[in-house]
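So the chains spell out like this:
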Amino acid sequence: MTQTENNFKERHLLSFGRPGWLVGVLLALVFLAACGEPDESAEKNDAGETLRSQLVEGLELTREKKYDEAIGKVFEVVIQNPEDAEALGIMSYIYLRSGRMSFATEAAKRAIAIDSYQSRPLVVLARANFLHSGFDEALDLARKALTINPEAADAYLIIGEIYLRQGMLKDALMVLKEAVRLDPENPEILNILGSAYIKHKQYDQALSTLIALQKIDPENPGSHFNLAVVYAKMNEGHKAMRHIVKAEDLYSQDKDSLHWLGKARDIRRVIAKDFKLRPEDINKKVSIN
């Protein structure tokens, strides 16, 4: 094994909260290897199927936001075969979903170097470029991902977000609607679509989209933020205030959301001023939706 592969494994062992558990996995694998390789091809096939099933399990755990467990499942496959491009691509996607961008980018680049015909790592690299305002590169990567997998909802999401940033509202709505069609219960996509409707001043559509998101993820801070904006535009001051207070509370629990926490506080002050609301008015029993 090369030093680069060793460094890669060591970095990923330390990338989440239970490195001891993965060290145990490594020791178990070493022990099994010492016992000798199976001679039966059926046993080899069974082992291969088990590893493939772990990738499926990893993706399912990701959907459930159980990111550490998901990484553990997929990392076992990478340990068995460091050149498994599919496993590396899936791992890069899990790291992306869990907010570990440096690890996501590293795994994505390794996956692409082995097999460039993969949509997931391309989406990861597109997102990394988007976060650094590299919109042209992000668009190229997202579009390439779609040529490989026309149903890559996350690629449509990135394109839609860039169109929003560029003021291409009509195109953004069209692309984001396609993303929702492909992944109708994805909170991130629904929230960005809600933002697009707000920018397009289509407040009724924004409201229905964001309420649908609330049913899927009632603790999503972005949905509360956007609902506050929608209700303010619809002259529903009390509802707007209750949602922005909820958004502020949720953002305050995430150290990576300081920017949005500040924006929520600014919006709260504007709502209080525009609707002449006092602090005690916030606690009035008004339906949050």
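Because the structure is predicted, anything quoted here is derived from the model rather than measured.

So what exactly am I meant to see when it comes to the packing of aromatic side chains here?
Here a ring pair, both rings aromatic, is described through the centre-centre distance and the interplanar angle of the planes. Throughout the structure, instances matching the rule amount to four aromatic pairs. Their ring planes at 85 degrees and their centres at 5.4 Å tell us that Phe225 and Trp260 sit as a pair that is edge-to-face. Taken together, the residues span a long stretch of sequence, with Phe225 in helix H13 (residues 221-233) and Trp260 in helix H15 (residues 258-274) at a distance of 35 residues. For Phe225, a relative accessible area of 9% corresponds to the buried category.

Is there a simple way to think about the packing of helix H11 (residues 187-199) against helix H12 (residues 203-216) in this case?
Geometry of a packed helix pair, given as the angle between the helix axes and the separation of the axes. The contact between H11 and H12 brings their axes to 8 Å, and the two run at 160 degrees. What the angle tells us is that H11 and H12 run roughly antiparallel. Of the two elements, H11 crosses H12, and the hand of that crossing is left-handed. Contacts between H11 and H12 involve Pro187, Leu190, Asn191, Leu193, Gly194, Tyr197 and Ile198 on the former and, on the latter, Tyr203, Gln205, Ala206, Thr209, Leu210, Leu213 and Ile216. Looking at the contact of H11 with H12 residue by residue, the class counts come to 10 nonpolar, four polar and no charged.

It is not clear to me how the environment of Gln202 should be interpreted in this structure. Could you clarify?
Positionally, Gln202 belongs in the loop between H11 and H12. Taking the C-alpha atoms as reference points, Gln202 and Val230, 28 residues apart in sequence, are found 9.4 Å from one another. Setting aside its immediate chain neighbours within four residues, Gln202 contacts Leu173 and Tyr197.

Cut-offs applied
- Residues numbered from 1 in each chain as written.
- Predicted model: local features only at pLDDT ≥ 70, side-chain atom pairs only at ≥ 80, totals over all residues.
- Heavy atoms only, no water.
- Phe/Tyr/Trp six-rings, centres within 6.5 Å; stacked < 30°, edge-to-face > 60°.
- Helix = DSSP H or I, 4+ residues; strand = E, 2+ residues; numbered from the N terminus.
- Buried < 20%, exposed > 50% of the residue type's maximum accessible area, 1.4 Å probe, protein only.
- Axes fitted to C-alpha atoms, helices over the stretch in contact; angles between N-to-C directions.
- Parallel < 35°, antiparallel > 145°, perpendicular 65-115°, else oblique.
- Left-handed = near helix turned anticlockwise from the far one by under 90°.
- Contact = heavy atoms within 4.5 Å.
- Nonpolar A, V, L, I, M, F, W, Y, C, P; charged D, E, K, R; others polar.

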